[in-house]
Amino acid sequence: MLDVISTAEIADDARVRANVVRLAAAQALTGANSAVIFATGSIVGATLAPDMSLATVPLSMYVLGLAAGTLPTGAISRRFGRRAAFVIGTGLGTLTGLTGSFAILHASFALFCVATFLGGLYGAVAQSYRFAAADGASAAYRPKAVSWVMAGGVFAGVLGPQLVQWTMDLWPPYLFAFSFLVALAAMGILAGVDMPRPAPADLHGGRPLLSIVVQPRFIAAALCGVISYPMMNLVMTSAPLAMKMCGLSVSDSNFGIQWHIVAMYGPSFFTGALIARFGAPKIVAAGLLLEAGSAGIGLSGISAMHFWATLIVLGVGWNFSFIGASALVLETHRPQERNKVQAFNDFLVFGMMAIGSFSSGQLLANYGWSAVNMVVFPPVVLGLAVLSLVSWARRRKARLDAAMGELPDAI
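What counts and how
- Residues numbered from 1 in each chain as written.
- Predicted model: local features only at pLDDT ≥ 70, side-chain atom pairs only at ≥ 80, totals over all residues.
- Heavy atoms only, no water.
- Helix = DSSP H or I, 4+ residues; strand = E, 2+ residues; numbered from the N terminus.
- Axes fitted to C-alpha atoms, helices over the stretch in contact; angles between N-to-C directions.
- Parallel < 35°, antiparallel > 145°, perpendicular 65-115°, else oblique.
- Left-handed = near helix turned anticlockwise from the far one by under 90°.
- Contact = heavy atoms within 4.5 Å.
- Patch = residues over 30% accessible without salt bridge, like charges linked within 9 Å, V, L, I, M, F, W, Y side chains within 5 Å.
- Areas by Shrake-Rupley, 256 points an atom, 1.4 Å probe, with all protein chains shown as cover.
- Salt bridge = Lys/Arg side-chain N within 4 Å of Asp/Glu carboxyl O.
- Buried < 20%, exposed > 50% of the residue type's maximum accessible area, 1.4 Å probe, protein only.
- Lys, Arg positive; Asp, Glu negative; His and termini not counted.
- Polar contact = N/O pair within 3.5 Å; in protein donor to acceptor, adjacent residues only side chain to side chain.
- Core = buried A, V, L, I, M, F, W, Y, C linked by side-chain atoms within 4.5 Å.
- Nonpolar A, V, L, I, M, F, W, Y, C, P; charged D, E, K, R; others polar.
- Charge placed at Lys NZ, Arg CZ, Asp CG, Glu CD.
- Phe/Tyr/Trp six-rings, centres within 6.5 Å; stacked < 30°, edge-to-face > 60°.
- Lys NZ or Arg CZ within 6 Å of the ring centre and 35° of its normal.
- pLDDT = per-residue confidence, 0-100.

Asks: I keep staring at the environment of Thr94 and nothing clicks. Help me out?
Replies: Relative to the assigned elements, Thr94 resides in helix α3 (residues 82-105). Considering only alpha carbons, one finds Thr94 and Gly119, 25 residues apart in sequence, at a separation of 8.8 Å.

Asks: Is there a simple way to think about the packing of helix α6 (residues 142-151) against helix α16 (residues 304-330) in this case?
Replies: Look at α6 against α16: their axes get within 10 Å of each other, and the N-to-C directions meet at 140 degrees. Here α6 lies oblique to α16, going by the angle between them. Of the two possible hands of crossing, α6 and α16 adopt the one that is right-handed. Contacts between α6 and α16 involve Arg142, Val146, Ser147 and Met150 on the former and, on the latter, Trp318, Phe322, Ile323, Ser326 and Leu330.

Asks: Quick question: what am I supposed to make of a nonpolar patch on the surface here?
Replies: Together, Trp148, Phe155, Phe269 and Phe270 make up an exposed nonpolar region whose accessible area comes to about 440 Å². Positionally, Phe270 belongs in helix α14 (residues 268-278). What makes Phe270 partly exposed here is its relative accessible area of 42%.

Asks: Could you clarify how one ought to interpret the pattern of salt bridges in this entry?
Replies: Counted under the stated rule, the structure contains four salt bridges. For Arg130, the salt bridge identified is with Asp346, shortest N-O distance 2.8 Å. Of this pair, Arg130 sits in helix α5 (residues 129-132) while Asp346 sits in helix α17 (residues 338-367), placing them 216 residues apart in sequence. Judged by relative accessible area, Arg130 falls into the buried class, the value being 1%. Here Arg334 ties to Glu337 by a salt bridge, and the two come within 3.9 Å at their closest N and O atoms. With relative accessibility at 32%, the residue Arg334 sits in the partly exposed group. Because the salt bridges share partners, they merge into one network encompassing Arg207, Arg334 and Glu337.

Asks: I keep staring at the side chain of Glu291 and nothing clicks. Help me out?
Replies: Structurally, the position occupied by Glu291 is in helix α15 (residues 280-299). Here Glu291 occupies a buried position and makes no salt bridge, while the nearest side chain of opposite charge, Arg130, is found at 13 Å. Within the structure, the side chain of Glu291 is placed 3.4 Å from the side chain of Ser321, a separation counted as a polar contact. With residues up to four places along the chain from it excluded, the contact list for Glu291 reads Ile227, Ser228, Met231, Met232, Leu314, Gly317, Trp318, Ser321 and Val376.

Asks: It is not clear to me how the nonpolar core should be interpreted in this structure. Could you clarify?
Replies: As a rule of thumb, nonpolar side chains are buried together in soluble globular proteins. With 74 residues, the main nonpolar core has Tyr229, Trp318 and Trp369 as its most contacted residues. In terms of residue count, the dominant contributor to this core is helix α12 (residues 216-245) (16 residues). Contacts of Trp318, omitting those with residues within four sequence positions, involve Met150, Ser228, Tyr229, Met232, Met264, Tyr265, Glu291 and Ile323. By size, the runner-up hydrophobic cluster in this structure holds 19 residues, among which are Val16, Leu23, Ala126 and Ala137.

Asks: Help me understand the environment of Thr30 in this model?
Replies: When you line up the elements, Thr30 lands in helix α1 (residues 7-48). In the structure, Thr30 is positioned 97 residues away from Gln127 in sequence and 9.7 Å away in space, judged by C-alpha atoms. Apart from the residues within four sequence positions on either side, Thr30 is in contact with Tyr122, Ala126 and Tyr129.

Asks: What's the story with the packing of α15 against α16 in this structure? I'm lost.
Replies: To characterise two packed helices, one gives the angle between the axes of the helices and the distance between these axes. Between α15 and α16, the least distance of the axes is 7 Å, while the angle of their chain directions is 160 degrees. On the basis of the axis angle, α15 is roughly antiparallel to α16. α16 is crossed by α15, and the crossing has left-handed handedness. Taken together, the residues of the contact of α15 with α16 sort by class into 17 nonpolar, eight polar and one charged.

Asks: So what exactly am I meant to see when it comes to a positive patch on the surface here?
Replies: The grouping of Lys282, Arg395, Arg396 and Arg399 at the surface amounts to a positive patch. Per element, the largest residue contribution to the positive patch is three residues, and it comes from helix α19 (residues 377-403). On the secondary structure map, Arg395 appears in helix α19. When its relative accessible area of 47% is taken as the criterion, Arg395 is described as partly exposed.

Asks: How should I be thinking about the packing of aromatic side chains in this particular structure?
Replies: This structure, assessed with the given rule, holds 11 aromatic pairs. Note on Phe86 and Tyr129: the rings are 5.1 Å apart at their centroids and 90 degrees apart in plane angle, and the pair reads as edge-to-face. Taken together, the residues Phe86 in helix α3 and Tyr129 in helix α5 connect sequence positions 43 residues apart. The exposure classification of Phe86 matches that of Tyr129, with both residues buried. Aromatic pair Phe255 and Trp259: ring centres 6.3 Å apart, planes at 50 degrees, arrangement tilted. Pair noted here: Phe255 and Trp259 are both in helix α13 (residues 250-265), with a separation of four residues, about one helical turn. With a relative accessible area of 40%, Trp259 lands in the partly exposed category. Taken together, the aromatic side chains of Tyr229, Tyr265, Trp318, Phe322 and Phe350 make up a single cluster linked through ring pairs. One residue, Arg17, lies across the ring of Tyr141, its end atom 4.6 Å from the ring centre.

Asks: I'm lost on the confidence of the model for the protein chain in this one. Help?
Replies: Do not read the fine detail of predicted coordinates wherever pLDDT is low. Per-residue confidence for the protein chain gives a mean pLDDT of 81; residues scoring 70 or more make up 84%. For the protein chain, per-element mean pLDDT is lowest for helix α8 (residues 175-180), which scores 56, and highest for α15, which scores 95. Below a pLDDT of 50 lies the segment residues 1-8, which in the model reaches two contacts outside its immediate sequence neighbourhood of four places, other chains included.

Here it is in structure tokens:
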């Protein structure tokens, strides 16, 4: 039987494609901001912190900001529309740059942590870009919309570390102010996104959140997101400081982070097509296996090449597992439920990231780079086991329903 695509779906996809272009551009600019934080945060932290074990706290504050900002972003989007949330987010991005520069100028570790926390709030809003891209899209186009927006991160991987290099000597005390001026450009781009305000019925419609999040599909999707992103973050935030501890240069660190971010987002040009062809669960599983493989590389040596290979493979693994998990989340809710479900999913992901990130500095300082990599394996095994179990149960139910002549369950 041929699938019939309505004229309305075609028109909606045309509008979505226009939004995807703007959201991808905003993703590139926002990602450049986070790239600056991750490339320099632990190094600046080591300079300003009273103790070396606190060097990664600024990065942890960024992740805490990510977690703290997810639910408010969902609430604002649900009440006032996504565009209002986007404008607030870019305003926080600009404030991040000004606060970070002032903190460095006055050698204030506490204020630098405040700046990175504000950057995390901005990042929380940016995380909703991928879900916003799928609003109104046909079921077939949703994974591609998510994937193409994430592809904007490729340019972030190039732009962010280059901003560090260009401004390091040009305007040393105000590095972050110069870098985060790109938030103003993102604000202008996002102003043109076609995101209608929610209909009054959407404010109170849909199922209770609890009945949605106890679905096996949501549990598997959220768990894989909770594993893929925090494990990637654990290794990525530790790597620059670990490279410094191993006698490698800041240039080596910047190069590794730059190509890590390119590897994170580069596959997005075809990840959506892979999900459409093979299904999200298989792509998520491939991503988790790659993350485990990156940890294996990290355990095999401490040369610059080992660090670079670890970060690159880690980036590709994150891309497959996180975009795949995001696509799975889209299968678990109805349109009027999207903001609360998506925000709750991101709260789980970044809340767990915050917990893991605060421990990364202690883990690295007390047990070394090898311990950081060893931590990756148990969660990956758990994620693969749950994903396999839920996928098997769903296939079994589909076969039983088909045998009994029943239609598959609707969301």
